[in-house]
Amino acid sequence: MITIYIREHGTHNRGWSFDFNADLNNYTSSENLLEDLYEFTREKIEANGLTYEDEMEEWLITDWEIDNSDFNMQFDEYFNLDKLIEINAKMNELNETEIKLVSALINNGNTFQEAIESYEDTYYFEGTLEDWAYEMVEEGLFGDVNEKLMFYIDYKKLARDLSYEGYVEDNNISFCMN
């Protein structure tokens, strides 16, 4: 799910750009990932005929890719690697709809942890709020509405009113924040 490009910080400060491409599906802890990073960096230094005697102990994330366009999480260059590996593992357990919902919850003020803990209990609809409003009327959630009158209901305004009540639309998924 998540691939990061990570660089040893000391070599970065010297102007050397040795980015290690790390697919987080291959790691269970930051310790393993950093061992691979430092080994990769030592090999690059040697292959380029450079000298570097300092101990390698710092790193920074220079870029990342997430192979699911519905999951758009942002993090900085010093984000906790163990946490990132954990996020990757949890996201791999989710189906497409769950990923969209977790992402929408994050986009609307929840932390990743809050989104993971609450997505199963979140009432949601795949589609716009307007589509959901139509579905709610059709299912009788606003009481029995004569079929002939359903054509006169302004579903756009009903969706707007739902948004006042804590309903949110994000990434073609609608959910209730209450």
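Residues numbered from 1 in each chain as written. Predicted model: local features only at pLDDT ≥ 70, side-chain atom pairs only at ≥ 80, totals over all residues. Heavy atoms only, no water.

The next point concerns the overall build of the protein chain. Per the secondary structure count, the protein chain includes seven helices and six strands. Scaling as 2.2 N^0.38, a compact globule of 178 residues should have a C-alpha radius of gyration of about 16 Å, whereas the protein chain reaches 23 Å, well beyond that. Its C-alpha atoms give the protein chain principal-axis dimensions of about 80 × 25 × 20 Å. Out of the 178 residues in the protein chain, the part that is buried amounts to 43%. Taking all contacts inside the protein chain whose residues are at least 6 apart in sequence as the whole, residues at least 24 apart take part in 59%. With the model as given, the accessible surface of the protein chain reaches about 10,600 Å², and the carbon-plus-sulfur share is 42%. With 11 positive and 42 negative side-chain charges, the protein chain shows a separation of 7 Å between the mean positions of the two kinds. (Helix = DSSP H or I, 4+ residues; strand = E, 2+ residues; numbered from the N terminus. Rg over C-alpha atoms; globule rule 2.2 N^0.38 Å. Buried < 20%, exposed > 50% of the residue type's maximum accessible area, 1.4 Å probe, protein only. Contact = heavy atoms within 4.5 Å. Areas by Shrake-Rupley, 256 points an atom, 1.4 Å probe, with all protein chains shown as cover. Lys, Arg positive; Asp, Glu negative; His and termini not counted. Charge placed at Lys NZ, Arg CZ, Asp CG, Glu CD.)

Backbone-to-backbone hydrogen bonds join strands into a sheet, with any given pair of strands oriented parallel or antiparallel. Spatially, three strands are ordered β4-β6-β5 in an open sheet, and the strand pairing comes out antiparallel. What marks the edges here is a single partner per strand, and that holds for β4 (124-126) and β5 (167-170). When the angles between neighbouring strand axes are averaged without regard to direction, this sheet yields 15°. Here β4 runs beside strand β6 (residues 173-176); their pairing, made up of three bridges, is antiparallel. Paired with Y124 across the two strands is F175, which belongs to β6. Its contacts with the sheet put helix α6 (residues 129-138) on β4, β5 and β6, and the angle it makes with β5 is roughly 130°. (Pairing = 2+ DSSP bridges. Axes fitted to C-alpha atoms, helices over the stretch in contact; angles between N-to-C directions.)

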